[in-house]
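Structural characterization, general
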Amino acid sequence: MKFRSTMAKGGVVFAFAAFALFFFAFNDTRLTTTAFAYPDGAPDGTSGAPGEVNCTDCHNQTTLTGQFQIVPPASYVPGQTYQITVQHTTTDTTRKRWGFQLTSLRSGNTAAGTFATTDSTTQTLSGGGRFYVNQTSAGTFRNQTGGATWTFNWTAPATDVGAITFYASGLQANNANGDSGDQTYVASQQISAAALAPPHQFTDFDGDGKTDPAVYRPADQSWYINQSTDGFAAAQWGLASDTLTPADFDGDNKTDVAVWRPGAPDEAAFYILESSTGTVRIEVFGQTGDDPTVIGDWDGDGKADVAVYRDSAQGSQSYFYYRGSLNNPSGNITFLAWGATGDVPVTGDYDGDDKVDLAVFRPSNNVWYIRQSSNSLIRYVQWGVSTDKFVPGDYDGDGMTDPAVFRNGVWYIKRSTDAGTTYINWGLNSDDLVPGDYDGDAKTDAAVFRHTDGIWYIRKSSTGTMSAMAFGTNPDRAVQAVFVN
């Protein structure tokens, strides 16, 4: 129902604030209506979303001369917070007061996400199971011409709920007496959940999102790589006594050939052949006895950071050390106390924030101790036994590392999606374990390299079928896409 106001419009936004009180005169059959306008924004249900009214419910529409738009994120990651912008623009200088209301809905027209204000120009409200954002009195920008802009925060739902649509109605008022001469607008924008980024592949040498089988041959100190897109490649790099540490150190989405060479504290170093430039990079880091297979993106800038794990670094306390590549021009080292004597490092991205999490397996009680980098939450997962080989990876494709072990030919995987268990019978105890994403479906595949015949046996997660590939010979060492301890 539409109520018109005859009161002066001087200091209020009328389109969004009409509220009527009705009084019946007992000696008259006419209905007398008194309308009040609120500068603080419209009541809930005025966003123009399905089942709702918009600004024309209170304002007479006139010819539109401007524009009204919503600027949401291109996509959303569940649980993440984004800045939303609502904007009026016009060259019509008679527009001198501004307003809006916005909501966000998923399929079925139910609420999707929540809002929070970032300044005094907006406020939140709710009603009918939906959440809204309005302008405030200060956010009407009285006598401002040319347009108006509001920004506020929106937190996406905790899970992927499919497409989400933002609906908004807007008002470009003339700040004059009467209820005519205003312009009302509606807008909508739909976004979808962002595609999950494939787990970091330590042996994706050609950057196509698939793990590439590769071997290191001690006899000639060479790497031989079977790239899934770019074909065969080779590089002479490292000594037989080095630890293979391939990763994307230069941030070009291609794995760099790299090794770590033990030595004294001022001699041990990573030797990296950067794929983006073909140049050699030497990072003096660690010391003999350290475990360098904990390299990864510790600071979330898309580049692998040099890192080591030191068992019993101080008494029974173990430490992780890394040199972050993000905003670290001085090359400072971060050290984190985590683990105790005898623990096995099992690092990975267990919370899906694209950063390495501190994680160890304790043989004395068969518990994984994980500290999530996103919120410092500590998780305890009892999984496996001390004689297992540890093969954490993203086997269910949710962007988070799953605890996993290999025992007597069986892979035991604790899924992060639902805490369920997956068992895969694949490989022999004598095989090299080489889990990775060989089919590019963003899920880790169970895979082994068999020295006796030089064949890679890969179980593709996309189809559940086997792929057998001859690459390498008996003395070769498989380059592991996910480090196996």
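Remember, it's a predicted structure, so these values are computed and weren't measured experimentally.

What follows is about the pattern of salt bridges. For the coordinates displayed, the defined rule picks out 12 salt bridges. Notably, a salt bridge pairs Asp 290 with Arg 310, separated by 2.8 Å at the nearest N-O pair. Residue Asp 290 is found in the loop between β19 (280-284) and β20 (306-314), and its partner Arg 310 is found in strand β20; the two are separated by 20 residues along the sequence. One salt bridge connects Arg 450 with Asp 431, and the closest N-O pair in it is separated by 2.9 Å. A residue pair is termed long-range when its members are at least 10 positions apart, and Arg 450 in strand β32 (residues 446-450) and Asp 431 in the loop between β30 (421-425) and β31 (432-433) qualify at 19 residues.

Within the element layout of this structure, Thr 94 appears in the loop between β5 (81-90) and β6 (97-106). C-alpha of Thr 94 to C-alpha of Gln 172: the two residues are 78 residues apart in sequence and 9.2 Å apart in space. Residue contacts for Thr 94: discarding those within four places in its chain leaves Ala 173 and Asn 174. Within polar-contact distance, the side chain of Thr 94 engages the side chain of Asp 92 at 2.6 Å.

With antiparallel pairing, three strands are arranged side by side in an open sheet as β20-β21-β22. Each edge of the sheet is formed by a strand with only one pairing partner; in this case those strands are β20 and β22 (334-340). Sheet twist, expressed as the mean angle between neighbouring strand axes with direction ignored, is 25°. Both β20 and strand β21 (residues 317-323) contribute to a ladder of six bridges, which runs antiparallel. Within the sheet, the bridge partner assigned to Gln 314 lies in β21 and is Gln 317.

About the thresholds
Residues numbered from 1 in each chain as written. Predicted model: local features only at pLDDT ≥ 70, side-chain atom pairs only at ≥ 80, totals over all residues. Heavy atoms only, no water. Salt bridge = Lys/Arg side-chain N within 4 Å of Asp/Glu carboxyl O. Helix = DSSP H or I, 4+ residues; strand = E, 2+ residues; numbered from the N terminus. Contact = heavy atoms within 4.5 Å. Polar contact = N/O pair within 3.5 Å; in protein donor to acceptor, adjacent residues only side chain to side chain. Pairing = 2+ DSSP bridges. Axes fitted to C-alpha atoms, helices over the stretch in contact; angles between N-to-C directions.

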